[in-house]
Amino acid sequence: MCASKTCYVAIDLGASSGRHVVGQFDGNRLELEELHRFDNSPIAAAGRLYWNLLGQWQQVLAGLKAAQSRYGDRIASIGVDSWGVDFVLLDRLDELLSNPVCYRDARTDGMMNRAFSIVPRDQIFAQTGLQFLQINTLYQLLAMQAHDSSLLDCAETMLLMPDAFHWLLSGAKSVEMTNATTTQFFNPVEGRWASELLDRFSLPVRILGDIVPPGTKLGVLTESVASAIGMNRVAVVAPGTHDTASAVMAVPTKNQLGIRPNWCYISSGTWSLMGVEVQKPVINDKCLALNFTNEGGIGGTTRLLKNICGLWLVQECRRVWNEAGKSYTWDHLAAAAAASKPLVSLIDPDDAGFLGPTDMPAAIREFCRRTKQAIPADDGAVVRCVLESIAMQYRRVLGWLEELIGGRIETIHIVGGGANNRQLCQMASDACNRRVLAGPTEATAIGNLMMQAVAAGEVESIEAAREVIRRSFSVVEYQPVNAAIWDEHFSCYLQLASV
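Okay, so let's go over this structure. From a predicted model like this one, the values you see are computed outputs, not experimental measurements. (Residues numbered from 1 in each chain as written. Predicted model: local features only at pLDDT ≥ 70, side-chain atom pairs only at ≥ 80, totals over all residues. Heavy atoms only, no water.)

**Concerning the overall build of the protein**
Part 1: Each helix and strand counted, the protein has 19 helices and 21 strands in total.
Part 2: The C-alpha radius of gyration computed for the protein amounts to 22 Å, which stays within 12% of the reference 23 Å derived for 499 residues, consistent with globular compactness.
Part 3: When its C-alpha atoms are laid out on the principal axes, the protein stretches across 60 × 55 × 50 Å.
Part 4: Restricting to contacts in the protein with at least 6 residues of sequence separation, those with at least 24 account for 72%. (Helix = DSSP H or I, 4+ residues; strand = E, 2+ residues; numbered from the N terminus. Rg over C-alpha atoms; globule rule 2.2 N^0.38 Å. Contact = heavy atoms within 4.5 Å.)

See below:
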């Protein structure tokens, strides 16, 4: 360790695991060390699927203790990022009302149709510019209303997941903008809550807190938290708290913010978030018809993107197989997929049947059976089917992005854990017939850390932060090698997939 390096701590909460990553910055390069990792699986109880908030908090403190033990007084600040849409409710005394419910809980089934019966779909989109997904916060609140939940009557404050941990750390109650935009009651044109929309649904506007931009210094660790972990009362900074916003900040592009992009990103992990960085929201009939979303980005930008079900499909297959006693490693599954015949059968990765089945391999085989395709013969063929289908959806979304921005996209940046999946990266290059640059893999943590460095004044701008990232982390380039066969099968894929 170099005593002259400033340290920042990123608490990166994913939908399957959480971790603490320390970034050491010497003014020129960023070095990473993962200090603590923990399981973050939701827990089924009493007919609901919950997040274990207090267990997560215990792990947050454990990771900070580890950071303090290793880096001590060099720690300058802490920031939390997570997935979107899920939330914590507090009462008027700031007491927790319940464990937060996981977005994969079935309570939102049918809630979009309920919403459209009250406010038409196009009017919701006109106010929010957001992709329609039943997991969005709006439909979670409507589900609570439909089930006559007393929690809505008692609630005084709603905090999205990273905001809840910032509150626990610092005592500051606010909602960071990039995550606020995932709720489907944020107006991206006016930069405020779409309170009129909530009024039309008779949902409580009073629970909505102040919105702050990424890079906001929220305060310092509370005295009790600092004492518990043996740390100084260091700064608590809101990064781009939506994990994709932080991941996009870490895309090592040289393009300036706000310039019409000739590149797009795929933040690849449990979900694949594929989009472009634009100066203003794109809210029009075409965007509505294609079900794209306008989410907040860093530096005042908008992330025009589409959610694609990503490696969750393979993760769930592996879970089912291993629970059956097969003990598959990721390397084994990659080898089995590589040995399977290409482009035999395809699925729509965004089909509603894949949102939360108990047996993912069976659901995949059932989709193939229902669509009169060859049923994958073995587990390797199932994995290949999934990866090829995700790559096909990348191609489809790429075409839509080019329509929406009015220009060709030359390069696809794949960041996040999926950048390590060489099969998927090459498939993406072949399917899209574009150059793919894969990396950095730790994009979310890197974006979180570099936003803290910008907030501290150690890095002067987001463009300068991306220059640091280019110096600090390598990327792997993929070029198309077999695009023609993907062209032949793309029309078949289109017949299977829905918007």
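**Re the side chain of Ser-389**
Part 1: Here Ser-389 is to be found in helix α15 (residues 379-405).
Part 2: There is a polar contact of 2.8 Å between the side chain of Ser-389 and the backbone nitrogen of Ile-347.
Part 3: Ignoring anything within four residues of it in the chain, the contact list for Ser-389 reads Leu-346, Ile-347, Pro-349 and Tyr-493. (Polar contact = N/O pair within 3.5 Å; in protein donor to acceptor, adjacent residues only side chain to side chain.)

**Some remarks on unusual backbone geometry**
Note on backbone geometry: most residues besides glycine have negative phi, and most peptide bonds are trans.
Part 1: Gly-439 connects to Pro-440 through a cis peptide bond whose omega is 5 degrees.
Part 2: Even without glycine at this site, Leu-343 takes up a positive phi of about 50 degrees.
Part 3: Position of Leu-343 among the secondary structure elements: in the loop between α13 (330-339) and α14 (360-370).
Part 4: We note that Asn-433 has phi near 55 degrees; this positive angle belongs to a residue other than glycine.
Part 5: With respect to the helices and strands, Asn-433 occurs in the loop between α16 (422-432) and β20 (435-438).
Part 6: By relative accessible area, which is 41% here, Asn-433 ends up partly exposed. (Buried < 20%, exposed > 50% of the residue type's maximum accessible area, 1.4 Å probe, protein only.)

**Here we look at the pairing of β20**
Part 1: Note: strand β19 (residues 411-415) against β20, four bridges, orientation parallel. Across the sheet, residue Ile-412 finds its bridge partner in β20, namely Val-436.
Part 2: Handedness of the β-α-β unit built from β19, α16 and β20 comes out right-handed.
Part 3: For β20 and strand β21 (residues 476-478), the ladder comprises three bridges, and the chain directions are antiparallel. Along β21, the bridge assignment pairs Val-436 with Tyr-478. (Pairing = 2+ DSSP bridges. Right-handed = clockwise from strand over helix to strand, strands pointing away.)

**So, the pairing of strand β2 (residues 17-25)**
Part 1: A large share of β2 lies buried, amounting to eight of its nine residues.
Part 2: Relative to β2, strand β1 (residues 6-13) runs antiparallel, the two sharing eight bridges. By the bridge assignment for β2, Tyr-8 is matched with Gly-23.
Part 3: Of the strand pairs in this sheet, β2 and strand β3 (residues 30-39) are connected by nine bridges, and their pairing is antiparallel. Note on β3: the bridge partner recorded for Val-21 is Glu-34.
Part 4: The antiparallel hairpin formed by β2 and β3 contains four residues in its connecting segment, where Gly-27 sits at a positive phi of about 95 degrees.

**A word on the side chain of Asp-86**
Part 1: Within the secondary structure layout, Asp-86 lies in the loop between β6 (75-81) and β7 (87-90).
Part 2: Comment: no salt bridge for buried Asp-86; closest opposite-charge side chain is Arg-107, at 6.0 Å.
Part 3: Side-chain polar atoms of Asp-86 contact the side chain of Trp-83, separated by 3.0 Å.
Part 4: A polar contact is formed between the side chain of Asp-86 and the side chain of Gln-140, at a distance of 2.8 Å.
Part 5: Setting aside residues no more than four positions away along its own chain, Asp-86 makes contact with Trp-51, Val-101, Cys-102, Tyr-103, Gln-140, Leu-160 and Met-161. (Lys, Arg positive; Asp, Glu negative; His and termini not counted. Salt bridge = Lys/Arg side-chain N within 4 Å of Asp/Glu carboxyl O.)

**Points about the sheet that holds β21**
Part 1: The sheet built from seven strands is open, its strands ordered β17-β18-β16-β15-β19-β20-β21 with mixed pairing. Two strands lie at the open edges of the sheet, namely β17 (293-296) and β21, each paired on one side alone. Between one strand and the next, the sheet's axes are offset by a mean angle of 30 degrees, whatever the strand orientation.
Part 2: Here strand β16 (residues 271-278) runs beside strand β18 (residues 302-309); their pairing, made up of eight bridges, is antiparallel. Its bridge partner being in β18, Leu-273 is matched across the sheet by Asn-307.
Part 3: The strands that α15 touches are β15 (263-268), β16 and β18; relative to β16, the one it contacts most, it runs at about 20 degrees. (Axes fitted to C-alpha atoms, helices over the stretch in contact; angles between N-to-C directions.)

**Here's the deal with the packing of aromatic side chains**
Part 1: A complete count under the given rule lists nine aromatic pairs for this structure.
Part 2: When the ring of Phe-186 is compared with that of Trp-193, the centres are 6.3 Å apart and the planes differ by 85 degrees; the resulting orientation is edge-to-face. Considered together, Phe-186 and Trp-193 belong to a single accessibility category, that of buried residues.
Part 3: Ring geometry for Trp-321 versus Tyr-328: centroids 5.6 Å apart, planes at 75 degrees, classification edge-to-face. Each of the two residues, Trp-321 as well as Tyr-328, counts as buried.
Part 4: These aromatic residues form a ring-pair network of at least three members: Phe-185, Phe-186 and Trp-193. (Phe/Tyr/Trp six-rings, centres within 6.5 Å; stacked < 30°, edge-to-face > 60°.)

**Concerning helix α18 (residues 462-472)**
Turn by turn, an α-helix covers 3.6 residues, leaving residues three or four places apart pointing in a common direction.
Part 1: Along α18, the positions that sit buried rather than exposed are Ile-462, Ala-465, Arg-466, Val-468, Ile-469 and Ser-472. Axial view of α18: buried residues confined to an arc of 155 degrees, hence all on one face.
Part 2: Measuring from the backbone nitrogen of Ala-464 back to the side-chain oxygen at the start of α18 gives 3.0 Å, which picks out Ser-461 as the cap. (Arc of directions from axis to C-beta.)

**Description of the pattern of salt bridges**
Part 1: Applying the stated criterion to the full structure yields 25 salt bridges.
Part 2: Note that Arg-70 is salt-bridged to Glu-33, the shortest N-O span being 2.6 Å. Of this pair, Arg-70 sits in helix α1 (residues 53-71) while Glu-33 sits in strand β3, and the two are 37 residues apart along the sequence.
Part 3: Residue class for Arg-70 comes out partly exposed when judged on its relative accessible area of 39%.
Part 4: With a closest N to O distance of 2.8 Å, Asp-94 and Lys-173 form a salt bridge. Residue Asp-94 is located in the loop between β7 and α2 (111-118), and its partner Lys-173 is located in the loop between α6 (161-170) and β9 (175-176); the two are separated by 79 residues in the primary sequence.
Part 5: Residue Asp-94 is classed as partly exposed on the basis of its relative accessible area, which comes to 29%.
Part 6: By relative accessible area, which is 37% here, Lys-173 ends up partly exposed.

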